[in-house]
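Chain by chain, the residues:
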Amino acid sequence: MAPPTGPLNLDVEAISGICGSISIAAWVVVFSPQIIENFRRHSADGLSVQFIIIWLSGDIFNILGAVLQGVLPTMLILAIYYAIADFVLLGQCFYYKGFTWRDNVTPPASTPSAPNGHAPGAPTEGTALLADYFDQRERRGSGWSHLSPVVPMTSDRPVAPLPTPTKRQTFLWNAVAILMVCAAGVLGWFLSRGYSSRKPSSHADELPKLDLWGQIFGWLCATLYLGSRLPQMLLNFRRKSTEGISILFFLFACLGNLTYVLSIFAYDPICRETKCQPGEASRIYGRYLLVNASWLAGSLGTLFLDLGIFAQFFIYDQDDSEEDIDEERNNAIDDHVSNLDDGEEDDNWDPRPLLERA
């Protein structure tokens, strides 16, 4: 069916539909960056297992609450999709970490150095000069294979790692990803206008009523969502690093929660008659918010807790930058000292006697 060609009226219902569509688009791709990050690093050390387990429990209660409360079908489909994606992340954690629910603190990989300034395994005065040569020759076999006319002479140079993207490149990539998700959400809403415009309007008596077990499961879901962020923040604090965590994972989560809350607040009450009676619209809107209170609390709460995780990204990224600068400075000093030890003269060194330099 072709999309409608009529004019766009951005009323309250349209704003709610746009925000809801963007929220769905964000939640569809929210787990993809973290799954790809774990697969790329072949590790899940930066991800808290307890965070995923608690989040999975919240999604299960979200499914039960959505079924009992009678929410929109899209919310139920998304809740089932979240649970499946949680199982994928949990499977990655168990695969890379082992079957454990504890978060063992593993510091980020760094190049250790000995107290004397030499890297471990580097030749010193107390080691043989040709020890590494004979070890490599024994591992590779005979060292005379390059004399064969059949075997070409190739050097065993290590493959250079891919360059690390700069902060500007990372920012631009994240911004483009967010804009693409928003554009997909707006496009989805625009294409669905033809279907939604043909649905009959619901009256006040058709609004969902409060279901006891639906509300209980909904509030349990909100509590678990709020508690799921705490193990991840604690693990980041203990590691003093956010390495291994995709910032897009939390950016998409914030975008999904923010637009989901806006889609709930943007609600236009429908009265029984053409014109609402005094206080009738407020009563309908209040009951509507009361039914969705648990989902609002869970989304708003996790939105504020994610700000704390973003603060950890900023703080620990600054610390890593300072450590990289110190490491580069120390490496430059070590290279300069090693060049002097090899007999290379410094360009600024003056060979004249001290009294003749003035």
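Since the structure is predicted, the reported quantities are computational estimates derived from the model, not experimental observations.

## Observations concerning the pattern of salt bridges
Close approach of charged atoms allows side chains with opposite charge to pair.
1) Next: Scanning the model with the defined rule gives 4 salt bridges in all.
2) Next: A salt bridge links Lys167 to Asp317; its shortest N-O distance comes to 3.3 Å. Of this pair, Lys167 sits in helix H6 (residues 167-191) while Asp317 is found in helix H11 (residues 293-341), placing the two residues 150 residues apart along the sequence.
3) Next: Residue Asp317 is classed as partly exposed on the basis of its relative accessible area of 33%.
4) Next: For Arg229, the salt bridge identified is with Asp306, shortest N-O distance 2.6 Å. One end of the pair, Arg229, is in helix H8 (residues 212-239); the other, Asp306, is in helix H11, and 77 residues separate them in sequence.

## Section: unusual backbone geometry
1) Next: Of note, the phi angle at His42 is positive, near 55°, even though the residue is not glycine.
2) Next: Within the secondary structure, His42 is located in the loop between helix H2 (32-41) and helix H3 (49-69).

## Regarding the nonpolar core
1) Next: Judged by nonpolar contacts, the single largest core of 42 residues is most densely connected at Val30, Phe31, Phe51, Trp55, Phe249, Phe250 and Phe252.
2) Next: Sorting the residues of this core by element identifies helix H1 (12-28), H3, helix H4 (73-97), H6, H8, helix H9 (247-265) and H11 as the ones contributing at least two each.
3) Next: Top element by residues in this core is H4. It accounts for 8 residues.
4) Next: Those residues in contact with Phe31, other than ones at most four positions away along the chain, are Trp55, Tyr82, Ala85, Asp86, Leu89 and Phe249.
5) Next: Among the nonpolar cores identified, the runner-up in size contains 10 residues, and Met75, Tyr260, Tyr267 and Tyr288 belong to it.

## As for the side chain of Ser241
1) Next: For Ser241, the position within the fold is in the loop between H8 and H9.
2) Next: Side-chain polar atoms of Ser241 contact the backbone nitrogen of Glu243, separated by 3.0 Å.

## Topic: the packing of H1 against H9
1) Next: Following both chains from N to C, one finds H1 and H9 inclined at 155°, their axes separated by 8 Å at the closest point. Here H9 runs roughly antiparallel to H1, going by the angle between their axes. Crossing geometry of H1 relative to H9 is assigned as left-handed. Contact residues: H1 offers Ser16, Cys19, Gly20, Ile22, Ser23, Ala26 and Trp27, while H9 offers Phe252, Ala253, Leu255, Gly256, Asn257, Thr259, Tyr260, Leu262 and Ser263.
2) Next: Residues belonging to the contact of H1 with H9 are distributed by class as follows: 9 nonpolar, 7 polar and no charged.

## Focus on the packing of aromatic side chains
1) Next: Enumeration over the complete set of coordinates arrives at 16 aromatic pairs.
2) Next: Ring geometry for Tyr267 versus Tyr285: centroids 6.3 Å apart, planes at 25°, classification stacked. With Tyr267 in the loop between H9 and helix H10 (280-291) and Tyr285 in helix H10, this pair connects stretches of sequence that are 18 residues apart.
3) Next: Tyr285 sits in the partly exposed class, given a relative accessible area of 24%.

## Quick look at H2
1) Next: Buried residues of H2: Pro33, Gln34, Glu37 and Asn38, and no others. Projection of H2 onto a plane perpendicular to its axis shows the buried side chains occupying an angular sector of 130°, all on one side. Among the exposed residues of H2, those oriented more than 90 degrees off its buried face are Ile36, Phe39 and Arg40.
2) Next: Backbone geometry just downstream of H2 places His42 in the positive-phi region, at approximately 55°.

## Concerning the environment of Val30
1) Next: With respect to the secondary-structure elements, Val30 resides in the loop between H1 and H2.
2) Next: In this structure Val30 comes out as buried when scored by relative accessible area, which is 0%.
3) Next: Distance in space between the C-alpha atoms of Val30 and Tyr82 is 9.2 Å, their sequence separation being 52 residues.
4) Next: Those residues in contact with Val30 that lie beyond four places of it in its chain are Phe249, Phe252 and Ala253.

## So, the confidence of the model for the protein chain
1) Next: For the protein chain, the average pLDDT comes to 76, and 64% of its residues sit at 70 or higher.
2) Next: Segment residues 111-115 is flagged for pLDDT under 50; beyond a separation of four residues in sequence, or across chains, it makes 4 contacts in the model.

Parameters at a glance
Per chain, the residues get numbers from 1 upward, laid out in the order the sequence is written. Where local features are concerned, this predicted model is filtered to residues with pLDDT of at least 70; where side-chain atom pairs are given and counted, the filter is 80 or more; whole-chain, interface and lining totals use all residues. Excluding hydrogens and water, the side-chain figures rest on all heavy atoms present in the structure. Every case where a carboxyl oxygen of Asp or Glu lies within 4 Å of a side-chain nitrogen of Lys or Arg is listed as a salt bridge. Only runs of H or I of at least four residues qualify as helices and only runs of E of at least two qualify as strands under DSSP, and these elements are numbered from the N terminus. Accessibility here uses a 1.4 Å probe with only protein chains present; expressed as a share of the type maximum, an area under 20% marks a residue as buried, one over 50% as exposed, and anything in between as partly exposed. Among the buried residues, those of types Ala, Val, Leu, Ile, Met, Phe, Trp, Tyr and Cys that are joined through side-chain atoms within 4.5 Å form a nonpolar core. In what follows, residue pairs with any heavy atoms lying within 4.5 Å of each other are defined as contacts. Polar contact is the term for a pair of N or O atoms within 3.5 Å; when the atoms are in protein, one must be able to donate a hydrogen and the other to accept it, and sequence-neighboring residues count only if both atoms are side-chain atoms. The axes used here are C-alpha line fits, helices contributing only the stretch in contact, and every angle between their N-to-C directions lies in the interval 0 to 180 degrees. Relative orientations are named as follows: roughly parallel for angles under 35 degrees, roughly antiparallel for angles over 145 degrees, roughly perpendicular for angles from 65 to 115 degrees, and oblique for any other angle. Take the far helix as the reference: if the near one is turned anticlockwise from it by less than a right angle, the crossing is left-handed, and if turned clockwise, right-handed. Only Asp, Glu, Lys and Arg are considered charged, only Ala, Val, Leu, Ile, Met, Phe, Trp, Tyr, Cys and Pro nonpolar, and every remaining residue, Gly among them, polar. Aromatic rings from Phe, Tyr and Trp, taking only the six-membered ring of Trp, are treated as a pair when their centres fall within 6.5 Å; an angle between ring planes under 30 degrees marks them as stacked, one over 60 as edge-to-face, and anything in between as tilted. In this context, the arc is that of the directions from the helix axis out to the C-beta atoms. You can read pLDDT as the predictor saying how much it trusts each residue, on a scale of 0 to 100.

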